[in-house]
Amino acid sequence: MKKIKLDIIGLSYSQTQSGAYALVLGEVNGRRRLPIIIGGFEAQAIAIEIEKMTPSRPLTHDLFKSFADAYHINIQEVIIYNLIEGVFFAKLVCNDGNKILEIDARTSDAIALAVRFNSPIYTYEFILSSAGIIIEGSDFLFLDNMEPIEGNKGIENESSIAPKSKEDLSGFSLEELHDKLQKAIASEAYEKAALIRDELNKRDK
């Protein structure tokens, strides 16, 4: 199965789930975006490394990186390999120079490690087709100020969208939904765009 390479496009407060963040991955050389809901701790771990900030003490993902380096283990790549009932599944492809092993991981943890190991991130076409959204125009990196982030229990399973939307879309016409979708994409509100896309897909069926 052909892999599709992804880049981290943005990280912002979730518009639909309190205490959570929306991580947006973008198709390299493409216009599709993959929004994923993650917890605050995981969002902070990703943002700190992207912004090249140094915490006073090592975070869990930094400890994992130091441990792996000490034993000459490298993360070759991260693959978001499945999407079941709105929940993403990821794995780490690790190499110690002798053998390659695949280790299951939460998507947010896998990406937090990918940025530390400079590992490429991949997914498959069926995931982008079902959970991705298409944007128009140029790409922008929109990393919110991640400090401080209030502590929370995190999100047990990273999802494509929050289970419930704050906005009921059932009362809008198809024309109104398409207009809302274009406005959400134009303002880089990818999470909201995903909710509108799902409502349109539901009506197509």
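Basis of the calculations
- Position numbers for residues start from 1 in each chain and track the written sequence from start to end.
- Local features are withheld for residues below a pLDDT of 70 in this predicted model, meaning they are given only at 70 or higher, and side-chain atom pairs are given and counted only at 80 or more; totals for whole chains, interfaces and linings count all residues.
- Side-chain numbers come from the whole structure's heavy atoms, not from hydrogens or water.
- Relative accessible area decides the class of each residue, using a 1.4 Å probe on protein chains only: under 20% of the type maximum gives buried, over 50% gives exposed, and in between gives partly exposed.
- We count a stretch as a helix when DSSP gives it H or I for four or more residues in a row; a strand needs E for two or more, and each element gets its number in order from the N terminus.
- Along the arc lie the directions from the helix axis toward the C-beta atoms.
- Note on definitions: a residue-residue contact is assigned when non-hydrogen atoms from the two residues lie within 4.5 Å.
- Every case where a carboxyl oxygen of Asp or Glu lies within 4 Å of a side-chain nitrogen of Lys or Arg is listed as a salt bridge.

In the nomenclature of an unreviewed UniProt entry, the chain is known as BFN domain-containing protein of Pseudopedobacter saltans.

### Regarding helix H2 (residues 60–70)
The complete set of buried residues in H2 reads His61, Asp62 and Ala68. All buried residues of H2 project into a common sector of 125° when viewed along the axis, lining one side. Residues Thr60, Leu63, Phe67 and Ala70 are exposed on H2 and point more than 90 degrees away from its buried face. Just downstream of H2 lies His72, where phi reads positive at about 60°.

### Details of the side chain of Ser119
Among the structural elements, Ser119 can be located in the loop between helix H3 (107–117) and strand S7 (121–124). A relative accessible area of 9% means that Ser119 is categorised as buried. In this structure, Ser119 is in contact with Ile75, Gln76, Glu77 and Ala114, ignoring residues within four places of it in sequence.

### Overview of the pattern of salt bridges
Following the criterion strictly, the structure yields nine salt bridges and no others. Where Glu49 meets Lys52, a salt bridge forms, and the shortest distance between an N and an O atom there is 3.5 Å. Taking relative accessible area as the criterion, Glu49 reaches 17% and is therefore assigned buried. Lys52 gets classed as exposed once you look at its relative accessible area, which sits at 61%. Across the pair Lys91 and Glu102 runs a salt bridge whose closest N-O atoms are separated by 3.1 Å. Linking Lys91 in strand S5 (residues 87–95) with Glu102 in strand S6 (residues 100–105), this pair joins segments that are 11 residues apart in sequence. Owing to a relative accessible area of 17%, Lys91 belongs among the buried residues under this scheme. Here the salt bridges share partners, and the residues they tie into one network are Glu27, Arg32 and Glu125.

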